[in-house]
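# Remarks on the overall topology
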Amino acid sequence: MEPAAAPPPSPPPPAASPGSAELVCAQGRNLKAVLCQRCGSRVLLPGAATFARRELLLPAMRKKAAAAAGGGGGDVVREHWLVRDMFSFENVGFTRDVGNVKFLVCADCEAGPIGWHCLDDKDSFYVALERVAHE
């Protein structure tokens, strides 16, 4: 009798770009804490999120009230920390609904949007790498 075949290996995490490679561990999770660029408030602890590539349009950085109003220019961001449980965040706020999207902002200084959450997918919160700091 032959031993049972090993389960297929899980797919490797997407490769990080050279600038973000030092932020991602072999399992694809964040090696460093994620902080607000403006005030330094801790948004995520190390290991709380997974590196993900997804093209999203985020409005230009500004205060929470202006971000919720929409309009104006924006940036296409491609590299994110994907958080599957909203309670994994240390410190994050949400704008009012903009269509079926809520934008993520720093809960202390309300700078943002630093990320994006579609109301159709209750378990996916994206934090743009270029909109946060790491330590």
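Refer to the structure above for everything that follows.
What comes next is a walk through the structure. (Residues numbered from 1 in each chain as written. Predicted model: local features only at pLDDT ≥ 70, side-chain atom pairs only at ≥ 80, totals over all residues. Heavy atoms only, no water.)

### Overview of a negative patch on the surface
Rule in force here: The patches reported here contain residues having more than 30% relative accessible area and no salt bridge. Joining distances are 9 Å for like charges and 5 Å for nonpolar side chains (Val, Leu, Ile, Met, Phe, Trp, Tyr). Working definition of accessibility: Shrake-Rupley area with a 1.4 Å probe, residue cover restricted to the visible protein chains. Put simply, a salt bridge is a Lys or Arg side-chain nitrogen that is within 4 Å of an Asp or Glu carboxyl oxygen. In this charge count, Lys and Arg are treated as positive and Asp and Glu as negative; neither His nor the chain ends contribute. Charge placement uses NZ in Lys and CZ in Arg. For Asp and Glu, CG and CD serve respectively. By the criteria applied, helices consist of DSSP H or I runs no shorter than four residues and strands consist of E runs no shorter than two, each listed in order from the N terminus. Partly exposed residues are those whose accessible area sits between 20% and 50% of the maximum for their type, while under 20% is buried and over 50% is exposed, using a 1.4 Å probe and protein chains only.
Together, Asp85, Asp120, Asp121 and Asp123 give the surface a local cluster of negative charge. Positionally, Asp123 belongs in the loop between strand E9 (115-118) and strand E10 (125-128). By relative accessible area, which is 45% here, Asp123 ends up partly exposed.

### Re the sheet that holds E10
The criterion, for reference: We call two strands paired when DSSP finds no fewer than two bridges between them.
Here six strands make up an open sheet; going across it, the order is E3-E5-E10-E9-E7-E6 and the pairing antiparallel. Every interior strand has two partners, whereas the edge strands, strand E3 (50-59) and strand E6 (93-94), have only one.

### Some details on the nonpolar core
Here is the rule: What makes a nonpolar core is a set of buried Ala, Val, Leu, Ile, Met, Phe, Trp, Tyr and Cys residues whose side-chain atoms join them at distances within 4.5 Å.
Leu44, Trp81, Phe89 and Leu104 are the most contacted members of the largest nonpolar core, which has 18 residues in total. Secondary structure elements with two or more residues in this core: strand E2 (42-44), strand E5 (74-83) and E10. Residues Leu56, Val77, Tyr126 and Ala128 belong to the second largest nonpolar core, which totals eleven residues.

### With respect to the sheet that holds strand E11 (residues 132-134)
Picture the strands of a sheet paired through backbone hydrogen bonds; they go either parallel or antiparallel. Condition: Lines fitted to C-alpha atoms define the axes, with helix axes restricted to the stretch in contact, and inter-axis angles between N-to-C directions lie between 0 and 180 degrees.
Taken in spatial order, the three strands line up as E2-E1-E11 in an open sheet, and their pairing is antiparallel. Bordering the open sheet on either side are E2 and E11, each of which pairs with just one other strand. When the angles between neighbouring strand axes are averaged without regard to direction, this sheet yields 45°. Two strands pair when backbone bridges link them, and strand E1 (residues 34-36) and E2 are joined in this way by two bridges, in the antiparallel orientation. Within E2, the residue paired with Leu35 across the bridge is Arg42.

### Concerning the pattern of salt bridges
What the rule picks out here adds up to five salt bridges. Put simply, Arg78 and Glu55 hold a salt bridge, and the shortest N to O gap is 3.1 Å. Of this pair, Arg78 sits in strand E5 while Glu55 sits in strand E3, and the two are 23 residues apart along the sequence. With a relative accessible area of 55%, Glu55 lands in the exposed category. Across the pair Asp97 and Lys102 runs a salt bridge, and its minimum N-O distance is 2.9 Å. For Asp97, a relative accessible area of 46% corresponds to the partly exposed category. Judged by its relative accessible area of 23%, Lys102 falls in the partly exposed class.

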